[in-house]
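Take a look at the letters that make up each chain.
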Amino acid sequence: MRFYLVTSCLFIISPAAFAASDYNDPSHYKQRAIPRNQFNNGNANAGSNGHIIKENPKRYNSNNDYDLNVGIEGGYRTSQLKWSIGIDGIIPYTISNLEWENNNGYEIQPSVEYTQKTGSLKGLNLQASVNKSITTSGENQDSDYDLTGEISRSNNSSDAGHSEGFSASIGYAFNFTGKRKQDVRRFTALVGYAMQNQKFVLRDGYQTIPATGPIAGLRSSYDVELSMPFVGADYYTQFGDVHSLKISGKVSKASYNGTGHWNLRSDLAHPDSFAHDADGWAFLLGAKYGWNFYPNLKLTLAANLNYFKATDGDDTVYTSSGTVLNAALRKVRYASTDYLAGLNYSF
């Protein structure tokens, strides 16, 4: 495979800047020295050296009424989950504690964003994204307790599973300009809804307390569903003609649902052996850098964090005899982080 670096045709075009008073003011473009064959099909008058002209570059976005950006990103994802259940009584105590750590895998995330720039809907902002990932490695620890302390522990593999989710929002964008009109600053207030599902597994088990060794036939799973109506904000800045940075923050009073399938427990029902329900707080944070390396086309690098915490919930156990048992879901901690790279195209 050969790679070529063409230096004679390297060029940079200033992206359009958004002003609060007029998105389409022609003075927002910076006049720059540009090779004559990059504009007007090379028909413009050449400068004194016969090769360079000065001309206002074309817009990155050819539509004056709106911005429409479509992107696709992919990369690395890692997640963790911890929950514990207990008995409430005169002497409350924890009866089971499970942890999944370093659940790593790969993710793909397409997205779209629309901003209206003129008319009665000026400032309207719509955003949507979906994500899908697979888990390729991970670890699990399952511990059980009585009043004397830990009585059972298994250490298991969690090298399979998957996750999927989506987010959609509507908001209003407030646009500003910096000292140079090419420098854009935009603040967007948002309301929306996000959902994230993930399957965690337990397999290739090994009993460490008591030390009885491998657990034959372990193929258990635990499914998480997070429902997150949110409020939040984005801050977007465009600088240096071709660079951009977007920082996002959202907060949610979220609902958590978990369903376990313990395949080796003959005393429990299948496929749903038990269920968890809890309400808590979720935080969704993100940062994205963009570099316009070609008109209308941007390289992006992004990092996102999704964190959920609840301290009070319900544990419902379904037995094989049909009896339903109840306990307290004492705490839940869920977190996922992704690191993505991709492309964004502006229409």
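Computed from a prediction, not measured in an experiment: that's the story for all the values here. (Residues numbered from 1 in each chain as written. Predicted model: local features only at pLDDT ≥ 70, side-chain atom pairs only at ≥ 80, totals over all residues. Heavy atoms only, no water.)

A.B. asks: Would you explain the overall build of the protein in this entry?
C.D. replies: Of the regular secondary structure elements, the protein holds 0 helices and 14 strands. Looking at the protein residue by residue over its 347 residues, the buried ones come to 44%. Across the protein, contacts joining residues at least 24 apart in sequence account for 69% of those joining residues at least 6 apart. Carbon and sulfur atoms form 58% of the exposed surface of the protein, whose accessible area is close to 17,700 Å². (Helix = DSSP H or I, 4+ residues; strand = E, 2+ residues; numbered from the N terminus. Buried < 20%, exposed > 50% of the residue type's maximum accessible area, 1.4 Å probe, protein only. Contact = heavy atoms within 4.5 Å. Areas by Shrake-Rupley, 256 points an atom, 1.4 Å probe, with all protein chains shown as cover.)

A.B. asks: Quick question: what am I supposed to make of the pairing of strand β4 (residues 93-116) here?
C.D. replies: As a general feature of sheets, a regular strand has side chains that alternate between the two faces. Strand direction decides the pairing type here: strand β3 (residues 66-87) and β4, joined by 21 bridges, are antiparallel. Bridge pairing in β4 links W83 to L98. In this structure, β4 lies alongside strand β5 (residues 124-146), joined through 16 bridges in antiparallel fashion. Counterpart to E107 in the pairing with β5 is S133. (Pairing = 2+ DSSP bridges.)

A.B. asks: Explain the pairing of strand β14 (residues 324-346) here, please?
C.D. replies: In terms of strand pairing, β3 meets β14 through 18 bridges, oriented antiparallel. Bridge pairing in β14 links I85 to L329. The pairing of strand β12 (residues 297-310) with β14 spans 14 bridges and is antiparallel. Bridge pairing links A310 to V332 in β14. Here strand β13 (residues 313-318) pairs with β14 via 6 bridges, running antiparallel.

A.B. asks: How should I be thinking about the confidence of the model for the protein in this particular structure?
C.D. replies: In regions of low pLDDT, the predicted coordinates are not meant to be interpreted in detail. Averaged over the protein, the pLDDT score is 85; the fraction of residues at 70 or greater is 79%. Overall, residues 1-62 carries pLDDT values under 50, and its contacts beyond four positions in sequence, including any with other chains, amount to 121 contacts. (pLDDT = per-residue confidence, 0-100.)

A.B. asks: Any chance you could explain the pattern of salt bridges here in plain terms?
C.D. replies: Close approach of charged atoms allows side chains with opposite charge to pair. As enumerated under the stated definition, the model contains 12 salt bridges in all. For E73, the salt bridge is made with K288, and the minimal N-O distance between the two is 3.5 Å. Here E73 is found in strand β3, whereas its partner K288 is found in strand β11 (residues 274-294), with 215 residues between them in sequence. Of the charged contacts in the structure, one is a salt bridge between R265 and D267, with a shortest N-O distance of 2.9 Å. (Salt bridge = Lys/Arg side-chain N within 4 Å of Asp/Glu carboxyl O.)

A.B. asks: Even after reading the chapter, I still don't get the packing of aromatic side chains, so can you show me in this structure?
C.D. replies: Aromatic ring pairs: the centre-centre distance and the angle between the two ring planes describe each pair. This structure, assessed with the given rule, holds 15 aromatic pairs. An angle of 25° between the planes, with centres 6.1 Å apart, marks the rings of Y222 and F274 as stacked. Taken together, the positions of Y222 in strand β9 (residues 213-239) and F274 in strand β11 put the pair 52 residues apart, joining distant regions of the chain. Classification of Y222 as buried rests on a relative accessible area of 0%. Connected via pairs of aromatic rings, a cluster forms that spans W83, W100, F200, Y222, W262, F274 and Y334. The residue whose ring lies beneath R186 is Y236, and the NZ or CZ to ring-centre distance is 4.7 Å. Of note, K253 hangs over the ring of W281, and the distance from its end group to the ring centre comes to 5.7 Å. (Phe/Tyr/Trp six-rings, centres within 6.5 Å; stacked < 30°, edge-to-face > 60°. Lys NZ or Arg CZ within 6 Å of the ring centre and 35° of its normal.)

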